[in-house]
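Here is how the chains run, residue by residue.
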Amino acid sequence: NGSLAMSYFKKSALHGCIDGMWAYGYGLRYGRGSQENLKLGFEWMLKAAKRGHIVSQYCVAVCYSFGEGVRKNSARAFQYYLSAAKSGMTEAEYNLALFYESGRGVKKDLHRAIDWYKKAASRGDPDAQLNLANCYFYGRGTRINRQKAMELYVQSAKHQNPSAMYNVGLAYLEEIGVPQNTP
């Protein structure tokens, strides 16, 4: 029963439990067990994020990124992605890399983008694998290394990433970064 769950999450949050703050805020944000309320949901997740709740930090970053329940603010989104990424959250590592690569909310820094893509890719994030492969393939922020790019495209393709699948096929067709005369 979603509404009963929300009543307990609210009580938990009001008593200072950061997991309760996150659960209550998340429920409000997505209308799970309650009426959707982006602003109030954001406020509760922000309380938990400020107290170190990693998932809340990520959710708050997403809210700031897209202006959901709060005014869009790329610099603040970056800070919350950074906090969650430093705690090892793969999704935050990937998003942080995107921010560094694009210069959104932070000074553009391809080397730092690659570092964060590597962290997320090593944890199996298929989008990070794809973007890191593109960096190696095109020499963005690093030397061109078509073999490394192909390895990453294949890893990402194994996770059903359609763009990676396309790039693997294209590499075989054009014989770029793959062994020659491969069936």
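Before reading further, recall that the structure is shown in the block above.
Residues numbered from 1 in each chain as written. Predicted model: local features only at pLDDT ≥ 70, side-chain atom pairs only at ≥ 80, totals over all residues. Heavy atoms only, no water.

Peer 1: Would you take a moment to explain the packing of aromatic side chains for this structure?
Peer 2: In this description, a pair of aromatic rings is defined by centroid distance and the angle of the planes. A full pass over the atoms with the stated rule returns 11 aromatic pairs. An angle of 50 degrees between the planes, with centres 4.6 Å apart, marks the rings of Tyr26 and Tyr30 as tilted. Here the residue Tyr26 and the residue Tyr30 both occupy positions in helix H2 (residues 18–30), the gap between them amounting to four residues, near one helical turn. For Tyr26, a relative accessible area of 27% translates into the label partly exposed. According to the relative accessible area criterion, Tyr30 is partly exposed, its value standing at 40%. Aromatic rings pair up to connect Trp22, Tyr26 and Tyr30 into one cluster. A cation over an aromatic ring shows up here: Lys47 above the ring of Trp44, its NZ or CZ 4.1 Å from the ring centre. Directly above the ring of Trp116 sits Lys119, whose terminal nitrogen or CZ lies 4.1 Å from the centroid. (Phe/Tyr/Trp six-rings, centres within 6.5 Å; stacked < 30°, edge-to-face > 60°. Helix = DSSP H or I, 4+ residues; strand = E, 2+ residues; numbered from the N terminus. Buried < 20%, exposed > 50% of the residue type's maximum accessible area, 1.4 Å probe, protein only. Lys NZ or Arg CZ within 6 Å of the ring centre and 35° of its normal.)

Peer 1: Sorry, what's going on with a nonpolar patch on the surface here?
Peer 2: Together, Tyr166, Leu170 and Leu173 give the surface a local cluster of nonpolar side chains, amounting to about 340 Å² of exposed area. Its place among the elements puts Leu170 in helix H10 (residues 162–174). Leu170 sits in the partly exposed class, given a relative accessible area of 33%. (Patch = residues over 30% accessible without salt bridge, like charges linked within 9 Å, V, L, I, M, F, W, Y side chains within 5 Å. Areas by Shrake-Rupley, 256 points an atom, 1.4 Å probe, with all protein chains shown as cover. Salt bridge = Lys/Arg side-chain N within 4 Å of Asp/Glu carboxyl O.)

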